[in-house]
Amino acid sequence: MYNLCIVIPCYNEAGYFLHSNYISFLKKNNDTLICFVNDGSSDSTSDCISSLKDRFPDNVEIVSHSANQGKAAAVKTGMDYCNTNFNFKNIAYLDADLSVSLEECYNLMSYLDKDIDFVFGSRVLRIGANIERKKSRHYIGRIISTLISIILSLKVYDTQCGCKIFKENLSKEIFKKPFISKWLFDVEIFFRILKIYGKELALTKMLEIPLKQWIDRGDSKVKITYFFKLWIDLLRIKKEYSDSTSTNLKNKKTFLNLKPNWLCISAILLCLLIFQICYGLEIIIPTNINWLLSAYHDWGQHYLGWTYFRSAPWGFPLGDMYNYYYPLGTNVGFTDSIPLLALILKPFSELFPEDFQYLGAFMFSAFILSAIYTLKILRLYKVNPIISLGATVFVIASPLLLYRGMHPALTAHWLILASFYYYLSPNSKLNPIKANWRQVLIFVLSAGIHPYLAAMVFGFSITLPLKNYFFDKSLSLKKACFFPVISLVFGLILWYVLGMISFGNDTGISNVGNYGESSFNLNSFFNPHEYTSQFLSGLPIMSDNQMEGFSYLGLGLIIIAIIALLYLLFLVVRKKILKTHLYTLPLIILTVLLLLFAISHVVTLGQAVLFEVPIPDFVKNLGSIFRAHARFCWPFYYLFVIFSIILFSKLPINNILKTSIFVGLLAFQIYDIKNSLTSRDLAYGSFDTKLEDDKKWIQIFSKFDEIITYPPFENSMAYTSDYQDLMYLANKAKKPISVGYVARMKPTHIYTDSLERAIVKGGAKPNKKTLFITTPKYIDIFKVPISQNKFSIKKLDDFLFIYPKEYNIESYFKDSEINKKFVDSIYSTLMSDIQKGSGNYLKIDNVALENKNPVRIGLDELTVVDNLLKIRGWAFDETVDLNVNDSVFITLTNKTTSYLFNTKLISRPDVTVYFKKKNIDSCGFNASIFGDKLANDIYDIGITIKNKKIKAYGKTESHIQIKSN
């Protein structure tokens, strides 16, 4: 008699067959029989198992299928063969790749005793266990297992683990009948045990044991197409093992009420599949930040906004932070980091790992909620389940939603779909008071996620009570006015608390663009651009700004829409639709108005402006608040999609034919937009910047109190979006830094001017250790303090570190001869420029400046440090309208002599506009004047305009005193 029989189904296992593992186990355990079931393998699996049979004839048996029948049939064949031909105490089955080792299976047998008849392993990742599993398979498996656990009404962690051990008598009962599903037969095993023992006794007869080791080897034999059949198998299993013959009418009703849940479960599984294809489920993992930062795009901004916010001290408004975009600061709402979620999570920040993100999980939840609300809308119109499921795919795999994946907060389109649902729900299904309060909640959530979504959703907060008041008479006028007002009040309070608006000052939201620049192009619904469609070519648009209105429907949906519109025309002609659906009129008006707002007053088709409509200034100002106003096409887009599908589902043709056409068009749609689905290959894990040694950067940053980039708030100094790398490392060192991308910016020129003056004067703040980071391109601003030996320079990667002499970071560069040579060359160049600049002037008698035209002067900066003059501004000859060939000179004048120093001209078209001149754009100037070679004296500072000869001269009220060193 064998102590244990192990059934192992095999199908094309030669590539992963672990001969040595089998041999080692069988040598030590001669009380065990291994029964291989060769399930129609077409490779050399038969040779592998035959060699074991030859070596261990008493401990190995082989049963073969002539053709592949699936794992369930193979396991049953092995169980039946062993039960018929051998005596044994216990029997198990394992996967042939030995993901669970033979030894661990043997050890689990020890848990079988007089009370326990069934033991099964579970893959629980914990300390002391080695569970190696692909992340995507783990997360898909967890969701499926959770759904199965709900179906079984048992707290089972892992029904699908391929290690299960039975006592002999139980195995004979379990494997009497064939299984319904080839791959979900594990679920059937649990149902059969429940049926044999009854639920209460079954709980005492089963034991789930966490495995010590499970290693994911090879590829799954389950085809990807089975994913679409999985929900059908689950439904068939549930139906088969329910006591339908003995249930009373109440139980039968309960079973029927499960059908919508099955639809919902199927939609969630589809979301899993599509999300995995589009992004990969790995992005849900909170510690996976690599996909966000390695893109060097908006994702990095969103993550950095959150991670700086979590480390910023609390203040009021609650969303403000000053370590990001330092020292001006910003708001977590203006980094598009989903401020409501950031605010909720911040109090628990200490509990989270250092690298922690929620953006992937937010996007995934947006997919699921979009699918659920799509189903809920279609259920109102009794659309058949297959078409409903297909509709969820059209929505969650729409090019519009996938395109918005670059901006996680803006993937929350479920807020729009939820608003549709509450509007369309009849009073018999949802009490109008409850519906309106839920709409209030939807608006508040949208306000905490993104202002654009809030603006769209607020339209529904107005139209829903209007419908209730005018059409179904279910609300009084007072209540119909109350709900929009309370929504707006709650939203404004949330924005005020977060700091996204302030009263009495300009709001952050109101930083403007130009209304009409980012408009909706009339070709947007059928314009796939360059990369979306397999069939249609991209159409031209006015500018890249119009990509904000990207809303390609997809070729499959375009065909469905055409059919639906023709059917709608038929219904209108026959007068079968208008009277019964008048309640949708406010909804249609709202979405059309939002679409018109998206189109703007400048109506475009392709690269042509069809016409421009005169509009009031207040509309332009409103449009300027929402600079990406083309996004307001989204509600119309979803209304069009949803009702096209509903109308298609109502076509008066054979239901099977109609469903088949719909499924075919869905497949056509998926093929058409496959580039949108599969074009991403996202990085996984922790993040390493493009810089050579992240650890060194962090250590250097840690030596200082603040990191100031020059120019400040410049997001691409050495390479594109290098601000993300600098911010990431500064945050690791817990230091504020003067960069960051924000959706709404505070004015920066005042700080920039004061910073430049401070640098010229020596740069250091009292009691502040400041590290300046710049590139060779901008080194000139530091030439004075460097020449005065106040600053040291070091080069790291493509950046320059400039810092006060008293701070020593030499130990990080002591082995770099190249660095020393580079810094020496910069220093030599600066000193050479200073020497040249000191003597590079034109000397004239003061009389040459007499009786010249007056000069209009505007100074943005005038700083005097020792013998240095740093000056910037604009100046022009007041008597001319054109200054194309004029040069601007800084003039230092004593009692007898004037010295003219040339300047660098800067374009200032704003001055031309302000003074209503023809063209004086070249009136701007910038100069650093070193007076070391001038005689000791006090000099008046003036401006001379020269064009071959001196034309104009004007004095400022300032002067400089030159002293010999």
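Please read all numbers here as calculations on a predicted model, not as lab measurements.

### Regarding the overall build of the chain
And then number 1: If you tally the helices and strands in the chain, you get 33 helices and 26 strands.
And then number 2: Projecting the C-alpha coordinates of the chain onto the three principal axes gives extents of approximately 125 × 80 × 50 Å.
And then number 3: For the chain, the residues scored as buried account for 55% of the 965 residues in total.
And then number 4: Excluding contacts between residues fewer than 6 apart, the proportion of contacts in the chain whose partners are at least 24 apart in sequence is 76%.
And then number 5: Total accessible area computed for the chain in this model is approximately 43,100 Å², and 56% of it derives from carbon and sulfur atoms.

### Describing the packing of helix H20 (residues 451–470) against helix H21 (residues 477–498)
And then number 1: The contact between H20 and H21 brings their axes to 7 Å, and the two run at 165°. With respect to their mutual orientation, H20 and H21 come out roughly antiparallel. For the crossing formed where H20 meets H21, the hand is right-handed. Together, Pro 451, Ala 454, Phe 458, Ser 461, Ile 462, Pro 465 and Tyr 469 of H20 and Leu 477, Ala 480, Pro 484, Ser 487, Leu 488 and Trp 495 of H21 make up the contact between the two elements.
And then number 2: Its residues placed into classes, the contact of H20 with H21 shows 11 nonpolar, 2 polar and no charged.

### Notes on the packing of aromatic side chains
And then number 1: Applying the stated criterion across every chain, the model contains 75 aromatic pairs.
And then number 2: Taken together, a centroid distance of 6.1 Å and an interplanar angle of 70° make the contact between Phe 25 and Tyr 106 edge-to-face. Here Phe 25, found in helix H1 (residues 19–28), pairs with Tyr 106, found in helix H4 (residues 102–108); they are 81 residues apart in sequence, far enough to count as distant.
And then number 3: Through pairs of rings, three or more aromatic residues link up here, namely Tyr 93, Phe 118, Phe 120, Phe 166, Phe 175, Phe 179, Phe 185 and Phe 190.
And then number 4: The ring of Trp 214 is capped by Arg 123, whose NZ or CZ atom sits 4.9 Å from the centre of that ring.
And then number 5: In this structure, Lys 346 packs its charged tip against the face of Phe 309, placed 4.2 Å from the ring centre.

### Topic: the pairing of strand E3 (residues 60–65)
And then number 1: Pairing geometry for strand E2 (residues 32–39) and E3, over 6 bridges, is parallel. Looking at E3, one finds that Cys 35 is bridged to Glu 61.
And then number 2: For the crossover from E2 across helix H2 (residues 45–55) to E3, the handedness is right-handed.

### With respect to the pattern of salt bridges
And then number 1: In total, this model carries 25 salt bridges according to the counting rule given.
And then number 2: A salt bridge links Lys 76 to Asp 80; the nearest nitrogen and oxygen atoms lie 2.6 Å apart. Here Lys 76 and its partner Asp 80 are both found in helix H3 (residues 71–85), 4 residues apart, which amounts to about one turn of the helix.
And then number 3: On the basis of relative accessible area, Asp 80 is assigned to the partly exposed category, the value being 28%.
And then number 4: Here Lys 172 ties to Glu 168 by a salt bridge, and the two come within 3.4 Å at their closest N and O atoms. Note that Lys 172 and Glu 168 are positioned in helix H6 (residues 168–174) at a spacing of 4 residues, about one turn of the helix.
And then number 5: Through salt bridges with shared partners, one network takes in Asp 753, Glu 756, Glu 861, Lys 870 and Arg 872.

### Digging into the sheet that holds strand E26 (residues 949–962)
And then number 1: Strand order across the open sheet formed by 5 strands is E18-E22-E21-E25-E26, with antiparallel pairing between neighbours. Both outer strands of the open sheet, strand E18 (842–845) and E26, are each paired with one neighbouring strand and no more. Across the sheet, the axes of successive neighbouring strands diverge by a mean angle of 30°, strand direction being ignored.
And then number 2: Pairing of strand E21 (residues 887–893) with strand E25 (residues 937–947), which is carried by 7 bridges, proceeds in the antiparallel orientation.

### Looking at helix H13 (residues 298–311)
And then number 1: The end-to-end C-alpha distance of H13, which contains 14 residues, comes to 21 Å, matching closely the 20 Å that a straight helix rising 1.5 Å per residue would cover.
And then number 2: Along H13, 12 of the 14 residues are buried, which leaves the element largely enclosed by surrounding structure.
And then number 3: Those residues of H13 not exposed but buried are Trp 299, Gly 300, Gln 301, His 302, Tyr 303, Leu 304, Gly 305, Trp 306, Thr 307, Tyr 308, Phe 309 and Arg 310.
And then number 4: Where H13 is buried, its residues contact helix H12 (290–293), strand E10 (320–321), helix H14 (339–345), helix H15 (359–380) and helix H29 (722–732).

### Some thoughts on the nonpolar core
And then number 1: Membership of the largest hydrophobic core comes to 196 residues, with the highest contact counts inside it found for Trp 697, Phe 782 and Phe 801.
And then number 2: Leaving out residues up to four positions away in the same chain, Phe 801 has contacts with Trp 697, Ile 700, Leu 771, Phe 772, Ile 773, Ser 792, Ile 793, Lys 794, Leu 796, Ile 809 and Phe 813.
And then number 3: Core analysis: the second largest hydrophobic core is formed by 37 residues, Leu 4, Cys 105, Leu 108 and Ile 116 among them.

### Examining the pairing of strand E15 (residues 770–774)
And then number 1: Across the 5 residues of E15, 5 count as buried, placing the element largely inside the fold.
And then number 2: Side chains Thr 770, Phe 772 and Thr 774 of E15 all project onto a buried face; the interleaved residues Leu 771 and Ile 773 project onto the opposite face, where all are buried too.
And then number 3: Pairing analysis gives 4 bridges linking strand E14 (residues 706–709) to E15, with the strands arranged parallel. Paired with Ile 707 across the bridge in E15 is Leu 771.
And then number 4: As defined by bridge partners, E15 adjoins strand E17 (residues 799–804) across 3 bridges and the pair is classed as antiparallel. Counterpart to Ile 773 in the pairing with E17 is Phe 801.

### Some points on the environment of Leu 536
And then number 1: Mapped onto the secondary structure, Leu 536 falls in the loop between H21 and helix H22 (555–573).
And then number 2: For Leu 536, a relative accessible area of 30% gives the class partly exposed.
And then number 3: Sequence separation between Leu 536 and Asp 672 is 136 residues, and the spatial gap between their C-alpha atoms is 8.6 Å.
And then number 4: Ignoring anything within four residues of it in the chain, the contact list for Leu 536 reads Phe 526, Pro 528, Tyr 552 and Leu 555.

### Let's talk about helix H28 (residues 694–701)
And then number 1: Looking at H28, one finds that the buried residues are Asp 694, Trp 697, Ile 700 and Phe 701. Along the axis of H28, the buried residues cluster in a sector spanning 130°; they form a single face.
And then number 2: On the buried face of H28, the contacting elements are E14, H29, E15, strand E16 (791–796) and E17.
And then number 3: Looking at where H28 begins, the residue whose side-chain oxygen comes 3.2 Å from the main-chain nitrogen of Lys 695 is Asp 693.

### Here's the deal with a nonpolar patch on the surface
And then number 1: Where nonpolar side chains cluster on the molecular surface, the patch consists of Ile 462, Leu 466, Phe 470, Phe 471, Leu 582, Leu 585, Ile 588, Ile 589, Val 592, Leu 593 and Leu 596 and spans about 930 Å² of accessible area.
And then number 2: Elements represented by at least two residues in the nonpolar patch include exactly H20 and helix H23 (585–599).
And then number 3: Of all the elements, H23 adds the most residues to the nonpolar patch, at 6 residues.
And then number 4: Secondary-structure assignment places Leu 593 in helix H23.
And then number 5: A relative accessible area of 53% places Leu 593 in the exposed class.

### Remarks on the state of the cysteines
And then number 1: In total, this model carries 0 disulfides according to the counting rule given.
And then number 2: No disulfide involves Cys 161; its nearest neighbouring cysteine sulfur is the one of Cys 163, lying 5.9 Å away.
And then number 3: Relative accessible area serves as the criterion here: at 0%, Cys 161 is assigned to the buried category.
And then number 4: Here Cys 264 stays free of any disulfide, with the sulfur of Cys 271 as its closest cysteine sulfur at 9.0 Å.

### Side note on the confidence of the model for the chain
And then number 1: Confidence along the chain averages 89 in pLDDT terms, with 92% of residues attaining 70 or more.
And then number 2: Contacts from residues 244–260, a stretch scored under 50 in pLDDT, to residues over four places away or in other chains number 6 contacts.
And then number 3: Note on residues 505–512: pLDDT under 50 across the span, and 19 contacts to partners over four residues away in sequence or across chains.

Cut-off values and rules
- Residues numbered from 1 in each chain as written.
- Predicted model: local features only at pLDDT ≥ 70, side-chain atom pairs only at ≥ 80, totals over all residues.
- Heavy atoms only, no water.
- Helix = DSSP H or I, 4+ residues; strand = E, 2+ residues; numbered from the N terminus.
- Buried < 20%, exposed > 50% of the residue type's maximum accessible area, 1.4 Å probe, protein only.
- Contact = heavy atoms within 4.5 Å.
- Areas by Shrake-Rupley, 256 points an atom, 1.4 Å probe, with all protein chains shown as cover.
- Axes fitted to C-alpha atoms, helices over the stretch in contact; angles between N-to-C directions.
- Parallel < 35°, antiparallel > 145°, perpendicular 65-115°, else oblique.
- Left-handed = near helix turned anticlockwise from the far one by under 90°.
- Nonpolar A, V, L, I, M, F, W, Y, C, P; charged D, E, K, R; others polar.
- Phe/Tyr/Trp six-rings, centres within 6.5 Å; stacked < 30°, edge-to-face > 60°.
- Lys NZ or Arg CZ within 6 Å of the ring centre and 35° of its normal.
- Pairing = 2+ DSSP bridges.
- Right-handed = clockwise from strand over helix to strand, strands pointing away.
- Salt bridge = Lys/Arg side-chain N within 4 Å of Asp/Glu carboxyl O.
- Expected span 1.5 Å × (residues − 1).
- Core = buried A, V, L, I, M, F, W, Y, C linked by side-chain atoms within 4.5 Å.
- Arc of directions from axis to C-beta.
- Polar contact = N/O pair within 3.5 Å; in protein donor to acceptor, adjacent residues only side chain to side chain.
- Patch = residues over 30% accessible without salt bridge, like charges linked within 9 Å, V, L, I, M, F, W, Y side chains within 5 Å.
- Disulfide = S-S within 2.5 Å.
- pLDDT = per-residue confidence, 0-100.

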